[in-house]
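Each chain, letter by letter, is given below.
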Amino acid sequence: LIGASRGGWLATTIAINSPNRIKTLILLSPAQTLTAIKPQGKIFYNIFFSLFPKRAWLRSALKTLTSNVDKLKQAYIDQYYIGVKHEKINRSILQMTPYSDDELRSLKMPVMVLVGDQDIMNDKSSLERANQLIPNVQTGMIKDAGHFLSFDQPELIDKKMLVFLKK
């Protein structure tokens with residue numbers, strides 16, 4: 001099971017609640033999974049953009065999530081904007097909190113956690129917590145990558161995931 005951002009939090013929920021159904025877990029910059037998102041200007045800007053999405057502010061919002069907004073394909077940019085514009089903030093987002101030590105220790109399957117060195121939601125402390133608590137974990141900090149790891153370093157991320165899955 002592979003999850004990125006909020007998908008990483010959801011994938012972790014599934015793995016904790018149905019461990020026998022998940023053979024391998026890959027988390028790409030999982031939001032609110034290992035550590036709480038630290039309040040900072042870029043996070044506040046993204047929250048503001050999510051609440052009041054304007055096409056004119058889109059590029060600035062994306063710059064907080066990727067190391068090179070110019071790498072993003074226009075189709076993705078358009079889809080991202082449409083998704084943000086039409087998403088309704090629901091209770092599940094507000095209930096996303098980092099998992100407890102015991103919950104993370106319960107992940108017995110092989111787990112890979114990757115975060116970008118410019119990620120606004122995860123940092124070194126996320127990887128440290130994963131290394132301390134998840135029994136069979138492999139972690140990595142991806143250079144020149146923001147929260148959108150698979151867009152910032154697609155070839156590297158694909159290679160790392162394939163190597164991990166072949167083990």
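What this report covers is the structure whose coordinates are included nearby. (Residues numbered from 1 in each chain as written. Predicted model: local features only at pLDDT ≥ 70, side-chain atom pairs only at ≥ 80, totals over all residues. Heavy atoms only, no water.)

Here's the deal with the packing of helix H2 (residues 41-51) against helix H4 (residues 74-86)
- Taken N-terminus to C-terminus, the directions of H2 and H4 make an angle of 75 degrees; their axes are 7 Å apart at the nearest point. In this view, H2 runs roughly perpendicular relative to H4, as classed from their interaxial angle. Contact with H2, carried on its side by Asn46, Phe49 and Ser50, involves Tyr80, Tyr81 and Val84 of H4 and no other residues of that element.
- Of the residues belonging to the contact of H2 with H4, the class tally is four nonpolar, two polar and no charged. (Axes fitted to C-alpha atoms, helices over the stretch in contact; angles between N-to-C directions. Helix = DSSP H or I, 4+ residues; strand = E, 2+ residues; numbered from the N terminus. Parallel < 35°, antiparallel > 145°, perpendicular 65-115°, else oblique. Contact = heavy atoms within 4.5 Å. Nonpolar A, V, L, I, M, F, W, Y, C, P; charged D, E, K, R; others polar.)

Quick word on helix H9 (residues 154-166)
- Spanning 13 residues, H9 covers 18 Å between terminal C-alpha atoms, matching the ideal 18 Å at 1.5 Å per step.
- When we look at burial in H9, the residues that qualify are Ile157, Met161 and Phe164. Projected down its long axis, H9 carries its buried residues within an arc of 65 degrees, all on one side. Facing away from the buried surface of H9 by more than 90 degrees, the exposed residues are Glu155, Lys159 and Lys166.
- Tucked inside the fold, the buried residues of H9 contact strand S1 (2-4), strand S2 (25-28), strand S3 (111-116), strand S4 (137-142) and helix H8 (149-152). (Expected span 1.5 Å × (residues − 1). Buried < 20%, exposed > 50% of the residue type's maximum accessible area, 1.4 Å probe, protein only. Arc of directions from axis to C-beta.)

Comments concerning the side chain of Arg129
- As for its placement among the helices and strands, Arg129 is situated in helix H7 (residues 124-133).
- Overall, Arg129 belongs to the buried group, its relative accessible area being 16%.
- A polar contact is formed between the side chain of Arg129 and the side chain of Asp101, at a distance of 2.7 Å.
- Ignoring sequence-local partners within four residues, the contact set of Arg129 consists of Thr33, Leu34, Thr35, Pro98, Tyr99, Ser100, Asp101 and Leu104. (Polar contact = N/O pair within 3.5 Å; in protein donor to acceptor, adjacent residues only side chain to side chain.)

Details of the packing of aromatic side chains
- In this structure the tally under the stated criterion is eight aromatic pairs.
- Between Tyr76 and Phe151, the aromatic rings sit 4.3 Å apart at their centres with planes inclined by 45 degrees, giving tilted as the arrangement. A residue pair is termed long-range when its members are at least 10 positions apart, and Tyr76 in helix H4 and Phe151 in helix H8 qualify at 75 residues.
- With a relative accessible area of 31%, Phe151 lands in the partly exposed category.
- Taken together, the ring pairs connect Tyr76, Tyr80, Phe148 and Phe151 into an aromatic cluster. (Phe/Tyr/Trp six-rings, centres within 6.5 Å; stacked < 30°, edge-to-face > 60°.)

Some details on the pattern of salt bridges
- The full count for this structure, using the stated rule, is five salt bridges.
- Two residues, Arg55 and Asp78, come together in a salt bridge whose shortest N-O distance is 3.1 Å. With Arg55 in the loop between H2 and helix H3 (58-63) and Asp78 in helix H4, this pair connects stretches of sequence that are 23 residues apart.
- The class of Asp78 is partly exposed, set by a relative accessible area of 26%.
- Across the salt bridge formed by Arg59 and Asp70, the nearest N and O atoms sit 2.8 Å from each other. Of the two residues, Arg59 is situated in helix H3 and Asp70 in the loop between H3 and H4; the sequence distance between them amounts to eleven residues. (Salt bridge = Lys/Arg side-chain N within 4 Å of Asp/Glu carboxyl O.)

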